[in-house]
Amino acid sequence: MKNTPCLLASACLCGAPCRYDGRAAPHPELVRLYEQGLALPVCPEVDGGLPAPRPPCELRGGRAVSKDGRDVTERVLAGAEQALELARRYNLRLAVLKEKSPACGGKRIYDGTFSGRVIAGQGLAAALLAANGVTVINEDECVSALDLLPGESR
Ligand code: SF4
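Residues numbered from 1 in each chain as written. Predicted model: local features only at pLDDT ≥ 70, side-chain atom pairs only at ≥ 80, totals over all residues. Heavy atoms only, no water.

Caption draft 1: Representation of the side chain of Ser 101 within the structure. As for its position among the elements, Ser 101 is in the loop between strand 5 (94-96) and strand 6 (108-110). Since its relative accessible area comes to 15%, Ser 101 is described here as buried. A distance of 3.0 Å separates a polar side-chain atom of Ser 101 from the backbone nitrogen of Ala 103. Separated by 2.9 Å, the side chain of Ser 101 and the backbone nitrogen of Cys 104 make a polar contact. Residues within four places of Ser 101 in sequence aside, it is in contact with Glu 45, Arg 108, Ile 109 and Gly 123. (Helix = DSSP H or I, 4+ residues; strand = E, 2+ residues; numbered from the N terminus. Buried < 20%, exposed > 50% of the residue type's maximum accessible area, 1.4 Å probe, protein only. Polar contact = N/O pair within 3.5 Å; in protein donor to acceptor, adjacent residues only side chain to side chain. Contact = heavy atoms within 4.5 Å.)

As structure tokens, this is what we get:
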């Protein structure tokens, strides 16, 4: 029997090659949950219409700006809305999202200078989900947080 999803997860952590460099960032636990149908993958940047690969983007003054100077905020916000819609449809209260991303970062993001410097802040999708009652954690926190899941899901 197919499982019902119990959390959202960044698609790159589930093994999808959707990062700016066209690669994945697979996390073993999330790949396993995805393969079991328990993690529902979302990529706010690609879901909003950006290609993979693509120029990297970072947040600057609340806007998502790509390294080639394009403002891609509306694309990322569109993908964030899609993630929230999925969370609502499946009644998901937990999202494991990739830290430091301008879309998915839950606590830390790159500072907008493309210099690799990281500051406190939230990505656009993480902020939208958190504002709507979804608990956002990162890939380093997820193993202990999986205790939050119902017993039959593990
Ligand atoms: S937007 Fe999120 S899911 Fe997509 S590649 Fe970036 S970190 Fe991964």
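Continuing now.
Caption draft 2: Layout of unusual backbone geometry. Residue Ala 52 is joined to Pro 53 through a cis peptide bond whose omega torsion reads 5 degrees. Assignment of secondary structure puts Pro 53 in the loop between helix 2 (44-47) and strand 3 (57-60). The backbone of Asn 91 shows a phi angle near 55 degrees, a positive value even though the residue is not glycine. Within the element layout of this structure, Asn 91 appears in the loop between helix 3 (73-89) and strand 5. With relative accessibility at 59%, the residue Asn 91 sits in the exposed group. Unusually for a residue other than glycine, Lys 100 sits at a positive phi of about 80 degrees. Secondary-structure assignment places Lys 100 in the loop between strand 5 and strand 6. Looking at Lys 100, the relative accessible area reads 27%, which means it is partly exposed.

Caption draft 3: Structural detail: the site of the ligand. Within the structure, the ligand sits among 14 residues, and Cys 12, Val 42, Cys 43, Lys 98 and Cys 104 are positioned closest to it. Grouping the amino acids of the shell around the ligand by side-chain chemistry returns eight nonpolar, two polar and four charged. (Near = heavy atom within 4 Å. Nonpolar A, V, L, I, M, F, W, Y, C, P; charged D, E, K, R; others polar.)

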